[in-house]
Amino acid sequence: MESDLSNRVGGVPERFAPASVRAELTDAEHLVRYAWAARLAPGKRVLDAGCGLGYGSRMLRRAGAAEVVGVDIAESVVEAAGAVEEPGLRFTTGDVGALDFEDGAFDLVVCLEVIEHVPEQRRVISELVRVLAPDGILVISSPNRAVYVPGNPHHLHEYLPDELRAELGESLEYVGLWRQHNWICSAILDDESFAGDDLATVRDLWVEKVAAEEPGRETYTVALASNAPLPEPAPGALLTGTAEVRKWLDLYHEQQEILQGQHEQLEKVAHERAELGELRDRLAEAEELLARRPQVEVVADSDERVVALAARAEAAERNLHNVVTSPSWRLTAPLRAFKQALKRSSR
């Protein structure tokens, strides 16, 4: 049914459908945020602001929320999300910057990976705070602009962690930041846990780390904010498969030939540029000599070589332009950066 819902919203950008990337890293990134926020939901009136296809709204409801309302601006998305009815859960079309709810209507407001898409972010945060009960909790997340891969055309402004803290602090007394980042894990599990999927809980799982990151270097920042002292939800993780890592490694190796070809082309252009400069210098010398003693043959020979090489250089310039504007060049940009990072780390 989930894949059926995602098929109904073709053409609506940046709507995450878990079925389309099951067991991939993107799947884990989205689901773990809601799974973590759902620990705050039992017994509460919950607003899922920017609910998309409603997978997170359902997670909040099934975690024990008294009621969940999912709001999204895209009517087709809301229609798809509400296609499967569930008690205590409803979906409605609305603008998160102008919510159609009374003041203090919700005990928990969840707004995950939405704020970076909206043009008037301060107005949206004010609306989320307005519909929050006096002691209610706002859970909001943003990609960290300093770490997140740049260039997403749907993102208008991604917050730095301290920017998000300051923005929320304008409206709410208590603000706490949690850091969401991706790690590679090796786990030892019993048969039941090993076979589990679809958000199956691994009981009594201990987790230790061998890699460090400084706060502020997280890929996503998740904030809790309230006018009441904040709870301290436990850290959480969601394990996913390694197929995506293998896929990227395969892509990395496949692109090496493209990178090598681009490197050779650039070296050829650089060589021809240097040779052209040298011949131009020689032509200038010949012209100076001609001014003092006519030697037409020398000048003609140099001139012909310069003309020929200039034509070659012009063709090389066109080739260079074709390389750097080609889809393969843009596609391999992250791989070139990754390769340079590997070189730096190995020094």
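Read on for a plain summary of the structure. Source: prediction; values computed, not measured.

Regarding the sheet that holds strand 7 (residues 220–226)
Argument step 1. Pairing is mixed across the open sheet formed by seven strands, whose spatial order is 3-2-1-4-5-7-6. Looking along the sheet, the strands with just one partner apiece sit at the ends: strand 3 (89–93) and strand 6 (174–180). If you compare each strand with its neighbour and ignore which way they point, the axes differ by 15° on average.
Argument step 2. For strand 2 (residues 67–72) and strand 3, the ladder comprises five bridges, and the chain directions are parallel. Following the sheet pairing, Gly-70 is matched in strand 3 by Phe-91.

What about the packing of aromatic side chains?
Two numbers describe a pair of aromatic rings. These are the distance of the centres and the angle of the planes.
Argument step 1. The final tally for this structure, using the stated rule, is four aromatic pairs.
Argument step 2. Here Tyr-34 and Tyr-55 contribute two aromatic rings whose centre-to-centre distance is 5.4 Å and whose plane-to-plane angle is 75°, an arrangement assigned as edge-to-face. Pair noted here: Tyr-34 is in helix 2 (residues 25–37) and Tyr-55 is in helix 3 (residues 55–62), with a separation of 21 residues, a long-range link. For the pair Tyr-34 and Tyr-55, one class covers both residues: buried.
Argument step 3. An angle of 55° between the planes, with centres 5.5 Å apart, marks the rings of Trp-36 and Trp-178 as tilted.

Quick notes on the pattern of salt bridges
Argument step 1. Evaluation of the coordinates by the stated rule reveals 10 salt bridges.
Argument step 2. Here Glu-167 makes a salt bridge to Arg-122, at a shortest N to O gap of 2.9 Å. Here the residue Glu-167 occupies a position in helix 6 (residues 161–169), and Arg-122 occupies one in helix 5 (residues 121–130), the gap between them amounting to 45 residues.
Argument step 3. In this structure Arg-122 comes out as exposed when scored by relative accessible area, which is 57%.

Rules behind the numbers
Residues numbered from 1 in each chain as written. Predicted model: local features only at pLDDT ≥ 70, side-chain atom pairs only at ≥ 80, totals over all residues. Heavy atoms only, no water. Pairing = 2+ DSSP bridges. Helix = DSSP H or I, 4+ residues; strand = E, 2+ residues; numbered from the N terminus. Axes fitted to C-alpha atoms, helices over the stretch in contact; angles between N-to-C directions. Phe/Tyr/Trp six-rings, centres within 6.5 Å; stacked < 30°, edge-to-face > 60°. Buried < 20%, exposed > 50% of the residue type's maximum accessible area, 1.4 Å probe, protein only. Salt bridge = Lys/Arg side-chain N within 4 Å of Asp/Glu carboxyl O.

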